[in-house]
Amino acid sequence: MTANGWIQILLFLVLILAVTKPLGIFMARVFNRERTFLDPLARPIERFLYSVTGVDENHEMRWTEYAVSMLLFSGVSMLLLYLIERIQQWLPWNPQKFGAVAQDLAFNTAASFTTNTNWQNYSGEATMSYLTQMAALAYHNFTSAAVGIALAIAFVRGIARREKETIGNFWVDMTRATLWLLVPMCMVYALALVSQGVVQNLKPYDTAKLVEPQQVQKTGADGKPMVAPDGKPVMDTATDQTIAQGPVASQEAIKMLGTNGGGFFGANSTHPFENPTPLSNYLQMLSIFLIPAGLTYTLGRMTGSPRHGWAVWAAMAFLFLAGVTTAYWAEARGNPLLTGVDQRVSMLQPGGNMEGKEVRFGIADSALFATVTTDASCGAINGQHDSFTPLGGMVPLANIMLSETVFGGVGAGLYGILIYVVLAVFIAGLMVGRTPEYLGKKIEAYDVKMAMLVTLVFPLVILALAAISSVEGFGTSSIGNPGPHGLTQILYAFTSMAGNNGSAFGGLNGNTSWYNTAGAMTMLVGRFFMIIPMLAIAGNLAKKKYVPPSLGTFPVTTPLFSVLLVGVILIVGALTFFPALSLGPILEHLLMSVGKTF
């Protein structure tokens, strides 16, 4: 570990802190329908969209209507994406003449982008046409992020309102999230990325002659490496290199700001056309946390308790610092199996475990990026998590297992941690022997049952499918390593999909019938089966009367509350996933420490 690395990590958190309040105020004004500086541009477009679609912006919805509207929109959008993938060979803007995406892969991808997961069992530059990238995938990057923000705002309204039956209008909230927030930010951000060298064009791929011919393994029509009957790879001599390009910067902007994570290229943010410079790398990390951090202040402002918003922010920041410190320490420590190899930092080498990392970014920024992208359910990567040390690789996995509570995805992070806030307040009420209260609302049995349903669905789908995949041939045949590391690959895949993160641990071939189908169902359950109970809590809270605080009320604006919230998150996560982690990365770390491996 170096002073430079720590400075970059601490500066990152300071910059996020600085932008939290102004962005949070702006979002509160947008969703409270107060005037903003963007109104002269956005308001006429908003009115036009409502007139065309027949939306009554003054109509308020109960939580059930809000949920049905969200499900219908997501379902129709998913079908449209699937259709575009299946007929892309007949559509324009396909200079590479890519064919139709396979059925199971198209289903997986449609579920992935609809749920803001952006898990990719394909390499974008070799599978998707420009039209599919822009009109299908980038479109879903905007809408899935806007849906997440709308749901978070609906939850906040449920907390803030008193004796009301409604929590807002889904169509209005989603439209405002898009027009006032995502589109303007992405326009500026995309231009900033272009200035750093991120590609943005519609040209066909270029071809360049190699200086020296290379032996490469052939791939079949299904895109998989070819193997001879004797088990040896089928090799071919490559004399040319195809240089992929396309409309990258526009997709990159919403990929990061919307915490989507699906890259234009298979290499994601390790690719120099997506992430060419240290400055672009830092901007990408900052953009992941911007909206999730700002929403914590929006929570405080809309509920009339800014200190509560800061208490939630503090809990998130603590968990983030704990994760990035562990990851940075583990990677800077190096690999103990490389005995006799100097892994110390010097003028001639970066030191530590550089396997799977871009030399442009080094260990500190790789550990920071891995922590940020899994804290925020973004899923973009600038290094290979599979090449991290066992404990370093466990940090991204554990972050996702905390169920979008450390800033989390846009919107999803806020309503994710609010579920744990309800549980923390309930536990505090039990400790003082009173009915739990949260910002003037009594937390009753119905609220706790719905919160527990959310926390139980998440591990159930992960552990059940990971268990099946780890003992059946259709699951184990895809892993790249045996033993505990192979288990981690499977566990990470289903955790990433259920947590709507989308980052891949690597080493696992997910483009199979089993992983495409099971993964798609995992992503749909991880998104929608957790949203519906959350909206039920919001609707129930909105109907309740306001109860003034008393001497027995547990305050939710103090450092003690932040500590309790962190404790509840860690205890629930540890009790749920520790047995699986102990058989995966923890066991691998112990074996590595004694000089053994599989």
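Everything here concerns the structure above.
Residues numbered from 1 in each chain as written. Predicted model: local features only at pLDDT ≥ 70, side-chain atom pairs only at ≥ 80, totals over all residues. Heavy atoms only, no water.

## Some details on helix H18 (residues 559-583)
In a regular helix each residue adds 1.5 Å, so 25 residues correspond to 36 Å; H18 covers 35 Å between its end C-alpha atoms and thus fits that length. The sharpest bend along H18 measures roughly 55 degrees and falls at Phe577, with the proline Pro579 sitting one to four residues further on. Listing the buried residues of H18 in full gives Phe561, Ser562, Leu564, Leu565, Val566, Val568, Ile569, Gly573, Phe577, Ala580 and Leu581. Tucked into the core, H18 has its buried residues touching helix H10 (306-333), helix H12 (390-401), helix H13 (412-432), helix H14 (445-471), helix H16 (483-498) and helix H19 (585-593). (Helix = DSSP H or I, 4+ residues; strand = E, 2+ residues; numbered from the N terminus. Expected span 1.5 Å × (residues − 1). Bend = angle between axes of the 7 residues up to and from the residue. Buried < 20%, exposed > 50% of the residue type's maximum accessible area, 1.4 Å probe, protein only. Contact = heavy atoms within 4.5 Å.)

## Overview of the packing of H10 against H12
Interhelical geometry of H10 versus H12 gives an angle of 155 degrees and a closest axis separation of 7 Å. Classified by the angle between their axes, H10 and H12 sit roughly antiparallel to one another. Of the two possible hands of crossing, H10 and H12 adopt the one that is left-handed. The segment H10 lies against H12, with Gly323, Thr326, Ala327, Trp329, Ala330 and Glu331 engaging Leu391, Gly392 and Val395. (Axes fitted to C-alpha atoms, helices over the stretch in contact; angles between N-to-C directions. Parallel < 35°, antiparallel > 145°, perpendicular 65-115°, else oblique. Left-handed = near helix turned anticlockwise from the far one by under 90°.)

## Some thoughts on the packing of aromatic side chains
Considering all chains together, one arrives at 24 aromatic pairs under this definition. With centroids separated by 5.3 Å and ring planes inclined at 65 degrees, the aromatic side chains of Trp6 and Tyr328 adopt a geometry described as edge-to-face. Of this pair, Trp6 sits in helix H1 (residues 3-31) while Tyr328 sits in helix H10; the two residues are 322 residues apart in sequence, bridging distant segments of the chain. With a relative accessible area of 27%, Trp6 lands in the partly exposed category. Its relative accessible area of 3% is what places Tyr328 among the buried residues. Note on Phe289 and Phe407: the rings are 4.5 Å apart at their centroids and 35 degrees apart in plane angle, and the pair reads as tilted. In this pair, Phe289 is assigned in helix H9 (residues 278-302) and Phe407 in the loop between H12 and H13, connecting sequence segments 118 residues apart. (Phe/Tyr/Trp six-rings, centres within 6.5 Å; stacked < 30°, edge-to-face > 60°.)

## Focus: the packing of helix H7 (residues 170-196) against helix H8 (residues 248-257)
A packed helix pair is summarised by two numbers, namely the angle formed by the two axes and the spacing between the axes. H8 packs onto H7 with a crossing angle of 125 degrees between their chain directions and a minimal axis gap of 8 Å. In terms of axis orientation, H7 runs oblique to H8. The two elements H7 and H8 meet at a crossing, and its hand is right-handed. Across the interface between the two elements, Leu182, Met185, Cys186, Tyr189, Ala190, Leu193 and Val194 of H7 pack against Ala249, Ser250, Glu252, Ala253, Ile254, Met256 and Leu257 of H8. Each residue belonging to the contact of H7 with H8 can be placed in one class, and the counts come to 12 nonpolar, 1 polar and 1 charged. (Nonpolar A, V, L, I, M, F, W, Y, C, P; charged D, E, K, R; others polar.)

## Topic: the pattern of salt bridges
Enumeration according to the criterion identifies 15 salt bridges in this entry. The partner of Arg29 in a salt bridge is Glu34, and the shortest N-O contact between them spans 3.2 Å. The exposure class assigned to Glu34 is partly exposed, which follows from its relative accessible area of 32%. Note that Arg43 is salt-bridged to Glu46, the shortest N-O span being 2.5 Å. Linking Arg43 with Glu46, this pair stays in helix H2 (residues 39-53), spanning 3 residues, or about one helical turn. Each member of the pair Arg43 and Glu46 is classed as buried. (Salt bridge = Lys/Arg side-chain N within 4 Å of Asp/Glu carboxyl O.)

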